[in-house]
Amino acid sequence: MNGKEVILGVTGGIAAYKSAELVRLLMEDDILVKVAMTKSATKFVTPLTFEALSGESVIHDMFGQEGTAIDHIQWGQESDLIIIAPATANFIGKMAHGIGDDFLSTCVLAATAKILVCPSMNTRMFENPAVQENLDLLKKRGFIIMEPGQGALACGTEGPGRLPEPDEILQQARKLLSDQDLSGLKILITAGPTTEPIDPVRYISNRSSGKMGYALARAATLRGADVILVSGPTDLNPPPGLNFCQVITAEDMRRSVFENRSGCDIIIKAAAVSDYRPRDHAAQKIKKGPESLSLELVKNPDILTELGSTIEEFPAVLVGFAAETEDLVANAEKKLKSKNLDMIVANDVSSKDAGFETDTNRVKIIYSDGRVDDSPLMTKDKVADLVLDRAKAIREAGLEG
Ligand code: CTP
């Protein structure tokens, strides 16, 4: 999101403290954040908090010392997105009825940027027809309204009215800031480990967390693709807005991938599939017995090899991942060739800051023409965007050639 600029408008609700976390998350995405606060917002959180987090002056007084005389015009016209979070009933009413009586409301009136409104208030206030009609008016005028969360509110009641979590607002902001460059593409992504049962309480699996595959699925969805995520068991919540297929074993994953492959433009296999499974799955828990116990394993299908060998029937850009602990490039190149892939993303899973359970990754991308791209240590979200950029470029080159 480098080069994007967001105005965060904070109005006077108890959830204003959550907006401080939102600033941090937006900045982690390399977004420039400028904060404007209403007078009542400053009663909940001080401008200094936002100034320290964003590194930019915070405007909270139309006629105060901060900024220049035309900032209220420029801010909304030069930024890519305005987020009002939290948006109180009062501020929603002002926006709906064209009232400009402070910096933030005049900024909204003069804005050309998209405006994302995140209501946060007591449930009765939120459900009041006046507030609902004001929100409808804003929707009709092209404002994007985020549904408030449900649950216990600061006022002691329960129901809709909670400010969505900062991470949810971030995802929505990313979507609005993205170029939607993958719109019209169908992308199948696999993620996580597979687990192979031994008996009802035990299984064989591996340390894959699914983070890389989920980051790919989230990024592709935000960029407008129609995404199918086939995932083994993980602790992660599926990203919103995609088709999610939960699987357990390698055979389940194979079935789901082959059911969904038709019409896919890009297939990315980030899953760490168990290569073997126990020959027999005991119906009851295996009881403790002799000093040693052997488990006979049989080979699982290699899903990616099967996809690669039938790619002419179902043309798609085929991307594999190679989890290696030694000879990274040589081993990944072998997999690229034997599985008939367009590219393979190789990562050293024995490294502390790149691999299965981390939030960062350092990858080498190897292409079928022999080129190798070396990436620095990046967040898995950034690696996801890079992999999608490269897969998209291969697809476009294929269409031209
Ligand atoms: N893969 C697959 N089906 C399998 C094994 C692997 O589809 N049964 C895919 C993975 O999703 C990944 C790629 O093949 O995209 C490479 O997986 P990896 O585990 O690195 O390699 P393997 O082919 O299993 O070889 P090895 O375990 O010997 O390194």
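These figures come from a predicted structure and were not determined experimentally. (Residues numbered from 1 in each chain as written. Predicted model: local features only at pLDDT ≥ 70, side-chain atom pairs only at ≥ 80, totals over all residues. Heavy atoms only, no water.)

*Asks:* What is the right way to look at the sheet that holds strand E13 (residues 266-269) in this model?
*Replies:* Within a sheet, neighbouring strands are paired by backbone hydrogen bonds and run either parallel or antiparallel to one another. Strand order in the open sheet formed by 8 strands is E12-E11-E8-E13-E16-E17-E19-E20, and the pairing between neighbours is mixed. Only two strands of the sheet have a single partner each, and these edge strands are strand E12 (243-246) and strand E20 (372-374). Direction aside, the axes of adjacent strands within the sheet are offset by 15 degrees on average. Sitting on the sheet, helix H11 (residues 250-260) is in contact with strand E8 (186-191), strand E11 (226-231), E12 and E13, with an inclination near 175 degrees to E8. (Pairing = 2+ DSSP bridges. Helix = DSSP H or I, 4+ residues; strand = E, 2+ residues; numbered from the N terminus. Axes fitted to C-alpha atoms, helices over the stretch in contact; angles between N-to-C directions. Contact = heavy atoms within 4.5 Å.)

*Asks:* Help me understand the site of the ligand, please; the structure alone is not making it clear to me.
*Replies:* Close to the ligand lie 14 residues; Lys269, Ala271, Asp275, Lys335 and Lys339 are nearest. Contacts to the ligand include Ile303, whose backbone N or O atom sits 3.1 Å from a nitrogen atom. Protein contact buries 79% of the 570 Å² of open area that the ligand shows by itself. Counting only elements with at least two residues in the shell around the ligand, the list comes to helix H12 (303-309) and strand E16 (317-324). The leading source of residues in the shell around the ligand is E16, at 4 residues. A per-class count over the shell around the ligand returns 8 nonpolar, 1 polar and 5 charged. (Near = heavy atom within 4 Å. Polar contact = N/O pair within 3.5 Å; in protein donor to acceptor, adjacent residues only side chain to side chain. Areas by Shrake-Rupley, 256 points an atom, 1.4 Å probe, with all protein chains shown as cover. Nonpolar A, V, L, I, M, F, W, Y, C, P; charged D, E, K, R; others polar.)

*Asks:* Teacher, can you tell me more about the packing of aromatic side chains here?
*Replies:* The description of an aromatic ring pair uses the distance of the two centres, along with the angle that the planes make with each other. Scanning the model with the defined rule gives 2 aromatic pairs in all. With 5.3 Å between their ring centres and 85 degrees between their planes, Trp75 and Phe103 make a pair best called edge-to-face. Taken together, the residues span a long stretch of sequence, with Trp75 in helix H4 (residues 71-78) and Phe103 in helix H6 (residues 103-110) at a distance of 28 residues. Measuring from centroid to centroid gives 6.5 Å for Tyr214 and Phe244, while their planes differ by 65 degrees, and the two rings are edge-to-face. Taken together, the residues span a long stretch of sequence, with Tyr214 in helix H10 (residues 211-222) and Phe244 in strand E12 at a distance of 30 residues. One residue, Arg254, lies across the ring of Phe258, its end atom 4.9 Å from the ring centre. The lysine or arginine in question, Arg371, covers the ring of Tyr367, its NZ or CZ lying 4.1 Å from the ring centre. (Phe/Tyr/Trp six-rings, centres within 6.5 Å; stacked < 30°, edge-to-face > 60°. Lys NZ or Arg CZ within 6 Å of the ring centre and 35° of its normal.)

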